[in-house]
Amino acid sequence: MEPDLRLNEPDEPDERAAGHVEIEGLAAGYEGARVLDLDRLSIRKGEFLSILGPSGCGKTTLLNSIAGFVRPAAGRIVIDGEDVTGRPPYRRGLGMVFQNYALFPHMTVAANVAYGLRVRRLGKAEQAERVGEALRLVGLEGYAERRPKQLSGGQQQRVALARALAIRPAVLLLDEPLSNLDAKLRREMRVELRAIQRRVGTTMVFVTHDQEEALALSDRIAVLNGGRIEQLGTPDEVYRRPATRFVAQFIGAANVLEGTATGTGGLDLGGLVVNALPGLPEGERAVVAIRPERVRLTAPGTAAGPETGAGVAGTVGYRSFAGDAWHAEVRLADGRTLSVRIADTGAGASDPPGAGTPVVASWDPADVIVLERGGASRPATEAR
Amino acid sequence: MTSAVPGTGAVRRGWWYVLPLAVFLVALFLVPLVRLLRLSFSPVGPYNAALPGWTLSQYARVFTEPYFYGSLLRTAGTALLVAVLCVLLAYPAAYALARRRAGVLRTLLFVIVISPLLTSVVVRTYGWVVLLSGTGVVNRALVATGLRDQPAQLLTSYPAVVIAVTHVLLPFAIIPLTTALGGLDRNLHRASQTLGAGPVRTFLRVTVPLSLPGVVTGALIVFALAMGIYITPLLVGGVTQPLTGIRVYDQVSTVFDYPVAAALSFALLALTVVSTALLAGVFRIWERRLHG
């Protein structure tokens, strides 16, 4: 079981934990083809912020703007009170970790880590001390004289992390640093990355397309889509209360239903009425989402707890076993489908019925996420 | 024929595919080379005719007469100078080419860069003559601007030879350098910059060391070609240039002493092979130390 990283208390909060980033009106790309268009993003001192979004959403452009590799078309980037918008990357004092590690192949591990310290003309003794400290931090004490080529992918990424942290940056930018690692190593590195962040207290901005990674690591997540922030919030906020349809579907899976409230707890999807919705006034249009793991399947006609009658009837389209859970698809009367995830309890007790079996899909009204509501009420026949 | 281990039969049959090339190389390269080697050990009779028998006297002449061994030293020095000039001139061009995104402009630049290879030696040399002759563009400009009272002897000078040979061989340095520089991970430059190193330091500490294989490859190719080049120096510098290639040409075409020409050729070949092998060997050791 993976520990809940958010519950870890910091070992020793570091006094060097500066790193407050203010981004205002930032735009990148060209007029009419904006890659990035942010009103405002405030990255707090010492926080672990993930920038999450699909490829092409502008997350890498945002990171490169902060780093100074992309010149924004408009807007300001202020780090610890200083406007760095016009500064070249080498005068920003930020650390950066790349997806492909970007270690200098012609230098030893120690020389890689010392690179930024040599540039800063630190004394030999202090360099050695800081290199040792950084390598200890990432658990690579014995590897100082190795070449990057002699290390595994995970070790190389640790060296890259040590190299970026050795200069004690106020902010560390991470560009999909775990994407090149295999699944098991990625999970281990996740735990370690968060532990390191807790120890050094550096503000970290972590770009990823992996929602699971973002949920596990972050203090806050900024969900980016089409160059705009769709939602900014803690992992539980963006998962439990997604602000938009995009967020609901990008983070985790969601059954999104769109229709008109019946006023009696139903949602008319256009002929088909789904029950068990929070009280919306009759005739109001709404878009709602229900997480697959919140849906239960029961045999038609059986009492299913306090919310009996809440839900919708259908037949099982298919079911598949995913180890810790079952995935099933319920086909409704009008042909649309609901995905359902049922945690496996072992011994077959929780197995969903086989394909073709009539079932009732039901859920707790509290689990229904209202994404959009209001707007003109249209006749049910036009709803689809 | 069936084979017990799958694949070995196919591998063995694969040798047949290189047979035409092997025949070609043996007939047109190895055989003449062996005959030339034999010739270099032949004594000469009256009118420098090669006689049957064996002697080391041709090699003795090559290594004792300054006319011959001096040309070998001069050729090696010239080749080294040309190699250094080519790398220095090629580096910025290759850097510009490698950084440019693929497109029409880059293709055009690349064609311009390799154009010396695409023009015939006669056209190219005529171009140099037009520029460097007594009434050529350069001399007229020198006189017109008052830098000189009368035209300088540019055409048959040693500097003209170095300039022309550098021009001809420049593409052989640009091509490997462009490949080496183009293969560099852009993130390495970015990593260097985020660590506080400006463009100059990044260039010196990251770009240059990592492009050294391209530098060495380019320098070795240019060096080896400059050792044997003779048409361009002959046309630009004249038959009196003390370069081995021209000396061999002279022995063959005016003195008709084939055996000594052969011995001089082999001395040049040996010098080329040994010096390039040494350079490559030193680089290998250095690179192994670097990359572990």
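A quick note: this is a predicted structure, and the numbers were derived from the prediction, not measured.

Residue and element names in this part refer to chain A. An order of β13-β12-β11-β14-β20 is seen for the 5 strands of this open sheet, with the pairing classed as antiparallel. The sheet is open, and its two edges are formed by β13 (273-274) and β20 (369-373), each paired on a single side. Of the pairings in the sheet, the one linking strand β14 (residues 285-290) to β20 comprises 4 bridges and is antiparallel in character. Of the residues in β20, the one forming a bridge with A286 is R373.

Residue and element names in this part refer to chain A. Looking at chain A, pLDDT values average 85 and 90% of them are 70 or higher. Mean pLDDT across the secondary structure elements of chain A bottoms out at β13, with 77, and peaks at strand β3 (residues 48-52), with 96. Note that pLDDT drops below 50 for residues 376-384; the model gives that stretch 15 contacts with residues more than four away or on any other chain.

The next subject is a nonpolar patch on the surface. Residue and element names in this part refer to chain B. A surface patch of nonpolar side chains, amounting to about 870 Å² of accessible area, comprises L21, F24, L25, V26, L28, F29, L30, V31 and V34. With respect to the helices and strands, L30 occurs in helix α2 (residues 19-40). Here L30 falls in the partly exposed class, since its relative accessible area comes to 43%.

This brings us to the pairing of β3(A). Residues and elements named next belong to chain A. Within β3, 5 of the 5 residues are buried, which leaves it mostly tucked inside the rest of the structure. In β3, alternate side chains face the same way, and those of F48, S50 and L52 on one face and L49 and I51 on the other are all buried. Two strands pair when backbone bridges link them, and β3 and strand β8 (residues 203-208) are joined in this way by 5 bridges, in the parallel orientation. Paired with S50 across the two strands is F206, which belongs to β8. Sheet topology note: the β3/strand β9 (residues 220-225) ladder contains 4 bridges and is parallel.

Next up on the list: the packing of aromatic side chains. Two aromatic rings, taken as a pair, are described by how far apart their centres are and by the angle between their planes. Scanning the entire structure with this criterion turns up 10 aromatic pairs over all chains. Consider the rings of F321(A) and W326(A), whose centres lie 5.0 Å apart with planes at 50°: the pair is tilted. Exposure remark for W326(A): the relative accessible area of 11% places this residue in the buried category. Centroid distance Y95(B) to F203(B): 5.6 Å. Interplanar angle 85°. Geometry classified as edge-to-face. Residue Y95(B) is located in helix α4 (residues 66-99), and its partner F203(B) is located in helix α10 (residues 199-228); the two are separated by 108 residues in the primary sequence. Since its relative accessible area comes to 23%, Y95(B) is described here as partly exposed. Here the aromatic cluster, defined as three or more aromatic residues joined through ring pairs, consists of F41(B), W54(B) and Y59(B). One Lys or Arg, R38(B), reaches over the ring of W54(B) and ends 3.9 Å from the middle of that ring.

What counts as what
Residues numbered from 1 in each chain as written. Chains lettered and ligands numbered in written order. Predicted model: local features only at pLDDT ≥ 70, side-chain atom pairs only at ≥ 80, totals over all residues. Heavy atoms only, no water. Pairing = 2+ DSSP bridges. Helix = DSSP H or I, 4+ residues; strand = E, 2+ residues; numbered from the N terminus. pLDDT = per-residue confidence, 0-100. Contact = heavy atoms within 4.5 Å. Patch = residues over 30% accessible without salt bridge, like charges linked within 9 Å, V, L, I, M, F, W, Y side chains within 5 Å. Areas by Shrake-Rupley, 256 points an atom, 1.4 Å probe, with all protein chains shown as cover. Salt bridge = Lys/Arg side-chain N within 4 Å of Asp/Glu carboxyl O. Buried < 20%, exposed > 50% of the residue type's maximum accessible area, 1.4 Å probe, protein only. Phe/Tyr/Trp six-rings, centres within 6.5 Å; stacked < 30°, edge-to-face > 60°. Lys NZ or Arg CZ within 6 Å of the ring centre and 35° of its normal.

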